[in-house]
Amino acid sequence: MNDTLQLLIAAVAALAVGLAAGWAVHSAVLGRRRLREQGFFGLPDGSECVLVTHRDSASAHWSIPRHDALALLGLASVIENCGAHAEVAPHDTGLQGFGARTEFCVGDPTAHHRLASHMASLLPGVKVHPGDATGAGRCTFTVDGSTYRLEPGAVEYVLLARLTAGEGDRPLFLAAGQRPVTHRAAVRHLVRNRARLARRYGRDGQFCLLLKVVNSRSYGPDVVELVADVTKAATAPPEIRSHRATSGSKSVS
């Protein structure tokens, strides 16, 4: 065997070893990333979760508003990547308590019964106004003394929350918005920023973010701004909020 052939064999062997090592490192990184994602969403392999949405009031049959359906599709990809299984349930069906399995609750809190119940129990610092007899002021949010009013197609708000409570340790995710396009925007924000959110809040942490959807008439759910992390104010019991209040509310538009 001449020197050239020996060098060629050595080079091929080194390349094979390098490729194998690179693949092993890549697989390990992907594995750790998947484990972090499973921990953040509370979706280990083979687990179950539930997607809860409200009915489309414009339809005679049970159907989901278009933007809500697209939001659920975005969640479906995450659930599949985690190796979990999902059930879709309407908001007005009797469901078990929360904590035993991961729950994604998506909708308008003035029409979504289960979402409204979750917010009353776990986000007592958020007030959602039902509107007057003409519908004016519907789904206006008041958080920490500030009021966030809906301007359809121009400025719309949505709360994105990860909460832990109930009998088990599985998280509850809420996307509570003023219009269906905001629900989709919140879910997209969650899916796109899941790694950053997991790093910031931890796999067991809670958060409640107020997001603003800008000019949805032109851009749909694509332009989203973080208004504030309102976790502390939103989860505070009423007596603590009353003690903190020092002035009248201010309006944000």
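Refer to the preceding data block for the structure.
All values derive from a computational prediction rather than experimental measurement.

Analysis parameters
- Residues numbered from 1 in each chain as written.
- Predicted model: local features only at pLDDT ≥ 70, side-chain atom pairs only at ≥ 80, totals over all residues.
- Heavy atoms only, no water.
- Helix = DSSP H or I, 4+ residues; strand = E, 2+ residues; numbered from the N terminus.
- Buried < 20%, exposed > 50% of the residue type's maximum accessible area, 1.4 Å probe, protein only.
- Contact = heavy atoms within 4.5 Å.
- Areas by Shrake-Rupley, 256 points an atom, 1.4 Å probe, with all protein chains shown as cover.
- Phe/Tyr/Trp six-rings, centres within 6.5 Å; stacked < 30°, edge-to-face > 60°.
- Polar contact = N/O pair within 3.5 Å; in protein donor to acceptor, adjacent residues only side chain to side chain.
- Pairing = 2+ DSSP bridges.
- Axes fitted to C-alpha atoms, helices over the stretch in contact; angles between N-to-C directions.
- Salt bridge = Lys/Arg side-chain N within 4 Å of Asp/Glu carboxyl O.

Participant: Before we move on, can you summarise the overall build of the protein chain with the specific residues and values?
Facilitator: Secondary structure assignment for the protein chain yields 8 helices and 11 strands. Across the 253 residues in the protein chain, those meeting the buried criterion constitute 40%. Taking contacts inside the protein chain between residues at least 6 apart in sequence as the whole, the part at least 24 apart equals 66%. Only carbon and sulfur atoms are counted for the fraction: they give 56% of the accessible area of the protein chain, which is about 13300 Å².

Participant: Outline the packing of aromatic side chains, supporting the account with residue identities and numerical values.
Facilitator: Scanning the entire structure with this criterion turns up 8 aromatic pairs. Ring plane angle 10° and centroid distance 6.4 Å describe the contact between phenylalanine 40 and phenylalanine 207, whose orientation is recorded as stacked. Of this pair, phenylalanine 40 sits in helix α1 (residues 3-41) while phenylalanine 207 sits in strand β9 (residues 207-214); the two residues are 167 residues apart in sequence, bridging distant segments of the chain. A single burial state applies to phenylalanine 40 and to phenylalanine 207, both of which are buried. An aromatic cluster is built from Phe40, Phe41, Phe104, Phe173, Tyr201 and Phe207, whose rings are joined through pairwise contacts.

Participant: Any chance you could break down the side chain of arginine 101 for me, citing the residues and the numbers?
Facilitator: Along the chain, arginine 101 turns up in the loop between β2 (85-90) and β3 (102-107). A relative accessible area of 16% means that arginine 101 is categorised as buried. Within the structure, arginine 101 has its side chain in polar contact with the side chain of glutamate 87 (distance 3.0 Å).

Participant: Could you give me a rundown of the sheet that holds strand β7 (residues 155-163), with the residues and numbers involved?
Facilitator: The strand order across the open sheet built from 7 strands is β2-β1-β3-β8-β7-β9-β10, with neighbouring strands paired in mixed fashion. Pairing within the sheet leaves two strands with one partner each, and these edge strands are β2 and β10 (224-229). Across this sheet, the average inter-strand angle for adjacent strands is 20°, counted without regard to direction. Two elements, β3 and strand β8 (residues 172-177), share 5 bridges in a ladder whose sense is parallel. In the sheet register, glycine 107 faces β8, and the bridge partner there is alanine 176. Along the sheet, helix α3 (residues 113-122) makes contact with β1 (48-53), β3, β7 and β8, crossing β8 at roughly 110°. Those strands touched by helix α5 (residues 194-201) are β9 and β10, and its axis lies near 145° from that of β9.

Participant: Lay out unusual backbone geometry in plain terms, naming residues and giving numbers.
Facilitator: In the Ramachandran plot, cysteine 139 falls in the positive-phi region, its phi being about 60° despite a non-glycine side chain. In this structure, cysteine 139 sits in the loop between β4 (126-129) and β5 (140-143). In this structure cysteine 139 comes out as buried when scored by relative accessible area, which is 0%. For asparagine 215, which is not glycine, the phi torsion reads 50° and is therefore positive. Its location among the elements puts asparagine 215 in the loop between β9 and α6 (216-219). Classification of asparagine 215 by relative accessible area gives partly exposed; the value is 23%.

Participant: I'd like a description of the pattern of salt bridges, backed by residues and values.
Facilitator: Going through the model one piece at a time under the given rule, you end up with 9 salt bridges. Between aspartate 45 and arginine 34 there is a salt bridge, with the nearest N and O atoms lying 2.8 Å from each other. In this pair, aspartate 45 is assigned in the loop between α1 and β1 and arginine 34 in helix α1, connecting sequence segments 11 residues apart. On the accessibility criterion, arginine 34 (33% relative accessible area) is partly exposed. Between arginine 188 and aspartate 222 there is a salt bridge, with its nearest N and O atoms 2.8 Å apart. Taken as a pair, arginine 188 in helix α4 (residues 180-192) and aspartate 222 in the loop between α6 and β10 lie far apart in primary sequence, 34 residues in all.

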